[in-house]
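Chain by chain, the residues run as shown.
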Amino acid sequence: MTEKNASSRHLVEIKQLKTYLQSANETVKAVDDVTFNIEKGETFCLVGESGSGKSILALSIIQLLPAKISHHPSGSILFDWRKQSGLGLGVNSQQKTTSEKVNMLDLKENQLCDIRGSRIAMIFQEPMTSLNPVDSVGEQIMEALLLHHPEMSDESARDRALIAMQEVQIKDAETRFDNYPHELSGGQRQRIMIAMALACEPDLLIADEPTTALDVTVQAEVLKLMRELQERKGMSILFITHDFGVVSQIAHRVGVMKQGKLIEFGETKEVLKNPQHPYSKKLLAAVPENLPKREKIKDPSSEKPLVSVKDLDVFFPIRKGIFQRVVDHVRAVDGVTVDINKGKIIALVGESGSGKTTLGRAILQLQKPTAGSVKIDDHELVGLSVDELKPWRKKMQISFQDPQSSLNPRLLIAKTITEPMKVHNIGNSDEERLELAAEVMEAVQLERDFLWRYPHEFSGGQRQRIGLARALALNPEFIVCDEITSALDVSVQAEVLQLLQEIKAQRDLTLLFITHNIAVVEYLSDETIVMKAGKVVEQGYTDDVCGNPQNSYTKELIEAVPRLKL
Amino acid sequence: MDNVKHRSSGFLRRVLKHTFSGWGAKIGLMWVGILVIAAVFAPFLANSMPLLVSLNGEISAPVFRYLSVEDIVVLIAFFVLILLFLSPLRHSIKSLLLFFLIIIVGSTIVSKQFVTVQQNVVYSDFREDIKATNYDWVVMPPIPYAPEDYLRDSQATPLEAPLENSEYTHWMGTEENGGDVLSRMIHASRIALGIGFIATGIAMVIGVILGGLMGYFSGIVDMLGMRLVEIFESIPTLFLLLTFVAFFGRSIYIMMVIIGLTSWSGYARYIRAEFLRLRKMDFVQATIASGLPLRSILFRHMLPNGIAPLLVGLSFGVASAILAEAMLSFLGLGLVGAPSWGQMLNQAVQSSTFNWWMAVYPGGAIFLTVFAYNLMGEALRDAIDPQLAKKAGVVG
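Predicted model only: the values in this text are computed from it and were never measured.

(A) Looking closely at the overall build of chain A. Helices and strands together make up the secondary structure of chain A, namely 20 helices and 21 strands. Computed over the C-alpha atoms, the radius of gyration of chain A is 27 Å, within 12% of the 24 Å expected from 2.2 N^0.38 for a compact globule of 566 residues. Taking the principal axes of its C-alpha atoms as reference, chain A extends roughly 80 × 55 × 45 Å. Within the span of chain A, comprising 566 residues, buried residues form 43% of the whole.

What follows is the structure, encoded as structure tokens:
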């Protein structure tokens with residue numbers, strides 16, 4: 001009897017599931033012998049680094065992988081299929097429900113179509129691309145409803161869609177109903193996605209990194225919404241993420257994946273507090289909050305500005321009409337005054353669109369400022385020509401966010417690193433420059449031989465190191481690090497952050513570290529600058545800004561950060 | 001540094017390998033290869049004079065006496081290219097190109113000095129000579145008829161269907177004047193190839209430079225450049241060619257230059273669009289931040305990353321240049337003396353009776369050549385496409 005009860009609590013039972021992906025000439029074991037259950041009304045989090053197979057596992061459950069490239073050598077996915085007969089939806093409906101355990105792997109395509117959307121719904125990471133841009137958002141919710149309830153009239157579908165939109169706390173649902181996706185913000189789009197997924201009252205919601213593309217304050221709101229909806233509706237959520245902070249916010253139970261295997265799972269608190277598997281331990285130790293704190297420099301007497309920015313404006317004109325008249329400006333950077341002190345790590349934080357990247361580029365004169373002044377060692381940079389800037393170029397360098405696009409894919413690493421040296425007359429011969437390049441490679445903990453490779457042969461973390469090596473090759477005094485760890489997995493991020501500190505100490509560098517990740521800021525930086533809508537709202541020592549924020553926006557930002565609650 | 005030079009063409013080699021892994025591109029390449037061989041060795045493949053004769057133990061090669069400057073330059077260029085390709089020394093593409101150009105110009109000047117132009121060659125003399133003189137042995141070309149050899153001496157009727165005459169074998173028959181169709185086809189392949197490569201080469205150089213500057217500087221430069229592109233796109237090439245033919249006479253070189261000068265706008269658009277995208281990419285920003293000179297940013301960092309769609313356009317461009325020449329010749333505005341495929345088609349249409357062999361062979365050759373270039377263009381596009389390139393290991 002107890003056996004049966006346990007089994008009826010399970011919404012999904014996955015047993016020894018294997019999903020192999022077939023590419024041209026190799027088989028990738030994307031999911032390798034995974035067994036776990038999702039209970040009714042719980043949130044199960046799958047956490048793992050990129051390539052660990054967590055998304056493939058989710059797609060296997062809903063059977064969305066193309067049969068051409070994937071197959072399941074073994075395993076079963078038992079789903080408790082609740083079939084409704086009778087009319088209507090919601091509280092007042094008169095319907096009988098019967099439920100039946102089905103193996104998702106054995107179902108036919110038309111049965112799967114009945115389950116998808118109505119019983120198992122899915123939301124994706126990118127709210128930009130998962131909505132159809134030519135239909136209004138309300139129609140898209142209605143379409144999902146009518147597909148699974150053809151007996152519904154248009155009016156009642158519209159009413160249901162409006163209710164769904166109100167449930168995800170979209171203000172003015174009536175007017176928003178006729179909006180097109182581009183008229184909504186990222187957070188609102190993700191809400192619409194959730195409304196669409198929930199319209200048919202599914203039993204299981206699969207959420208694949210739903211908050212990763214969102215700003216931290218928006219993420220906090222969406223997570224709160226999902227928690228509330230789950231409690232109210234009693235559905236189960238399979239939540240996929242790479243962020244342990246999010247896990248601790250939302251999950252009842254958590255599973256850690258590595259290379260297709262579910263290496264550990266259990267109650268969230270247990271796993272986060274007391275991980276058993278060495279890999280989970282390593283992952284948790286790499287979370288910036290858990291990294292050993294470094295000694296922060298907090299000595300006003302030694303402060304001497306290396307770079308000073310005064311009243312800097314960067315405006316982008318908005319042109320309208322047939323004559324392309326400038327009607328207004330986007331004020332990306334709006335009257336910013338900042339001193340960057342020598343030998344410090346300064347963090348520049350802000351949400352997307354706050355102008356932090358533009359400010360970084362404007363300091364390096366990669367983006368022409370509209371007005372204001374940027375001085376390095378008391379030399380004015382604004383207004384200099386390309387040739388006049390050249391001697392200053394080697395003093396200040398930049399390292400970029402996207403490891404895919406930051407290196408020229410057609411050039412050997414050796415060429416990428418030595419060419420700027422040649423232009424700035426560092427080293428007397430090609431051989432000497434190659435030797436210097438090899439030394440820089442060693443400084444970023446890469447092998448000398450890597451010089452003779454092309455960028456595509458490296459992983460994301462290695463590419464970020466090469467990007468740093470390129471910046472270091474010119475012996476700069478000042479480096480702008482533009483979100484250099486944002487695209488990296490948490491363990492790689494920890495390595496790069498530690499490397500950055502070592503290099504900074506060895507070479508007496510000054511770093512401007514642009515990021516949106518407050519945890520990284522708290523770990524790494526001496527001073528922090530907070531930007532919002534092109535303006536600096538707060539600056540000071542990191543401990544003061546993060547520990548005791550004065551500005552209301554900073555307070556909101558810091559509170560929204562998903563913390564590991566142990 | 002040896003290591004660098006050996007691997008410096010990495011991307012191109014990978015793309016080419018991938019391009020020619022499919023059967024379509026292989027067939028295309030094979031057909032173009034046959035055309036190249038035919039074009040280079042045309043005087044040795046189809047000619048009325050013997051390749052080698054031995055008279056009383058003395059061996060001589062009459063065919064060499066009748067080679068034109070053009071024949072010699074094409075031969076030298078072909079062998080130099082083969083040598084450069086096979087040689088273990090790897091230099092930058094720039095120095096190789098320069099070396100190749102010097103060789104071509106040099107050999108043209110030298111052969112101009114030494115080659116005496118043979119005028120009014122009477123081809124029937126060779127046949128009579130062979131019959132009259134008591135040679136030990138004679139090696140004739142595989143097709144023993146020159147394109148302008150109208151066989152006045154041997155045939156009663158000039159027009160013959162393929163393999164009609166048992167005494168003289170004409171694999172593809174003869175045209176109205178008595179010239180061997182296969183021989184004319186072989187010699188005409190030179191025009192087809194030359195016009196394709198040189199016209200698109202000119203177009204590409206202009207397109208890359210103007211498009212690159214437009215894309216990199218954008219703003220006012222881009223605005224003016226695009227207007228120039230639009231002006232050139234509105235020039236009707238065919239009428240311009242007709243006018244030039246009327247004023248300056250018929251010259252294959254003028255045709256090449258005009259087709260090249262009027263068709264660069266498409267390439268400029270491709271490169272401009274690519275450069276507009278690349279300009280904001282991080283690695284280009286990094287080169288600017290490193291203070292690299294403009295020449296290096298444009299041609300070393302941006303061009304190799306933006307050339308992919310151009311290469312595809314290039315192979316389609318070659319095909320359309322061949323078609324343009326064929327069309328002109330078909331309209332009767334091509335070259336007078338030398339045969340070309342379009343002109344042969346024109347002959348077929350103008351003759352009083354329809355002779356299928358005069359239309360099918362040149363028409364088929366034009367079709368196959370354009371088809372071959374299109375096949376290679378398609379394969380190249382697939383190889384360069386990022387989705388497929390990912391599978392091939394080019395990206396990530």
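(B) Examining the interface of chain A and chain B more closely. Taken together, the contact pairs 30 residues of chain A with 25 residues of chain B. Among the secondary structure elements, those contributing two or more residues to the side of chain A that touches chain B are α13 (386-393), β17 (396-399) and α14 (413-423) of chain A. Here the side of chain A that touches chain B gets 4 residues from one element, more than from any other, and that element is α14(A). Per-class residue counts for the side of chain A that touches chain B are 15 nonpolar, 7 polar and 8 charged.

(C) The arrangement of the confidence of the model for chain B in detail. Residue and element names in this part refer to chain B. In this model, chain B carries an average pLDDT of 81, and 90% of its residues clear a pLDDT of 70 or more. Confidence scores differ between elements of chain B, with helix α1 (residues 2-7) showing the lowest mean pLDDT of 41 and helix α10 (residues 219-233) the highest of 91. Contacts for the low-pLDDT stretch residues 1-9, under 50 throughout, to residues beyond four places or in other chains number 8 contacts. With pLDDT under 50 throughout, residues 392-396 is counted as low confidence; its partners more than four residues away or in other chains account for 11 contacts. Overall fold confidence for the complex sits at a pTM of 0.77, while the interface term, ipTM, reaches 0.77.

(D) Quick look at the sheet that holds strand β1 (residues 52-55) of chain B. Residues and elements named next belong to chain B. With antiparallel pairing, 3 strands are arranged side by side in an open sheet as β2-β1-β3. Of all strands in the sheet, those with a lone pairing partner are β2 (58-60) and β3 (137-139), marking the two edges. The sheet shows a mean angle of 15° between the axes of neighbouring strands, taken without regard to direction. As paired elements, β1 and β2 share 3 bridges and run antiparallel to each other. Of the residues in β2, the one forming a bridge with L55 is E58.

(E) How the structure looks around the packing of helix α16 (residues 308-330) of chain B against helix α17 (residues 341-350) of chain B. Residue and element names in this part refer to chain B. At a minimum axis distance of 7 Å, the contact between α16 and α17 shows a crossing angle of 35°. Helix-helix and strand crossings are classified by hand; for α16 and α17 the assignment is right-handed. Residues E325, A326, M327, L328, S329 and F330 of α16 lie in contact with α17, whose contacting residues are W341, G342, Q343, L345 and N346. Of the residues assigned to the contact of α16 with α17, the class counts are 6 nonpolar, 4 polar and 1 charged.

(F) Broad picture of unusual backbone geometry. Residues and elements named next belong to chain A. Of note, the phi angle at E201 is positive, near 50°, even though the residue is not glycine. As for its position among the elements, E201 is in the loop between α7 (186-198) and β8 (204-208). Judged by C-beta crowding, with 18 C-beta atoms within 10 Å, E201 ranks as partly exposed. Not every positive phi belongs to a glycine, and A533 is a case in point at roughly 50°. When you line up the elements, A533 lands in the loop between β20 (527-532) and β21 (535-541).

(G) Structural detail: the packing of helix α9 (residues 181-217) of chain B against helix α13 (residues 265-279) of chain B. Residues and elements named next belong to chain B. Two elements in contact, α9 and α13, have axes separated by 7 Å at closest approach and are oriented at 35°. Note on packing geometry: the crossing formed by α9 with α13 is right-handed. Facing α9, whose interface residues are A203, M204, G207, V208, L210, G211, G212, M214, G215 and Y216, α13 presents Y267, A268, R269, Y270, I271, R272, E274, F275, L276 and R279. Split by residue class, the contact of α9 with α13 holds 12 nonpolar, 4 polar and 4 charged.

(H) Highlighting the environment of M257(A). Residue and element names in this part refer to chain A. For M257, the location among the structural elements is in strand β10 (residues 253-258). Along the backbone, M257 and L46 are 211 residues apart, and their C-alpha atoms lie at a distance of 7.0 Å. Sequence-distant contacts of M257, defined by excluding residues within four places in its chain, comprise L46, G48, S52, G53, K54 and L262.

(I) Structural detail: the environment of E100(A). Of note, E100(A) is situated in strand β6 (residues 95-103). Apart from the residues lying within four places of it in its own chain, the contact partners of E100(A) are W81(A) and K83(A).

(J) Highlighting the pairing of β21(A). All names here are of chain A. Judged from the 6 bridges that link them, β20 and β21 form a sheet pairing that is antiparallel. Bridge pairing in β21 links I529 to Q539. Linking β20 to β21, which pair antiparallel, is a turn of 2 residues; within it A533 sits at a positive phi near 50°.

(K) Quick peek at the nonpolar core. Counting 232 residues, the largest nonpolar core has I141(A), A195(A), L238(A), L348(A) and F513(A) as its most contacted members. It is α9(B) that contributes the most residues to this core, 16 residues altogether. The residues contacting A195(A), other than those within four sequence positions of it, are I141(A), A164(A), M165(A), E167(A) and V168(A).

(L) Just the sheet that holds β21(A), in detail. Residues and elements named next belong to chain A. The mixed open sheet is built from 6 strands, whose spatial order is β17-β18-β19-β14-β20-β21. Across the chains shown, the open sheet's two edge strands, defined by having one partner strand only, are β17 and β21. Strand after strand, the sheet turns through a mean of 15° between neighbouring axes, direction not considered.

Parameters and conventions
Residues numbered from 1 in each chain as written. Chains lettered and ligands numbered in written order. Predicted model: local features only at pLDDT ≥ 70, side-chain atom pairs only at ≥ 80, totals over all residues. Helix = DSSP H or I, 4+ residues; strand = E, 2+ residues; numbered from the N terminus. Rg over C-alpha atoms; globule rule 2.2 N^0.38 Å. Buried ≥ 20, exposed ≤ 12 C-beta atoms within 10 Å, placed from the backbone. Contact = placed C-beta atoms within 7 Å. Nonpolar A, V, L, I, M, F, W, Y, C, P; charged D, E, K, R; others polar. pLDDT = per-residue confidence, 0-100. Pairing = 2+ DSSP bridges. Axes fitted to C-alpha atoms, helices over the stretch in contact; angles between N-to-C directions. Left-handed = near helix turned anticlockwise from the far one by under 90°. Core = buried A, V, L, I, M, F, W, Y, C linked by C-beta atoms within 7 Å.

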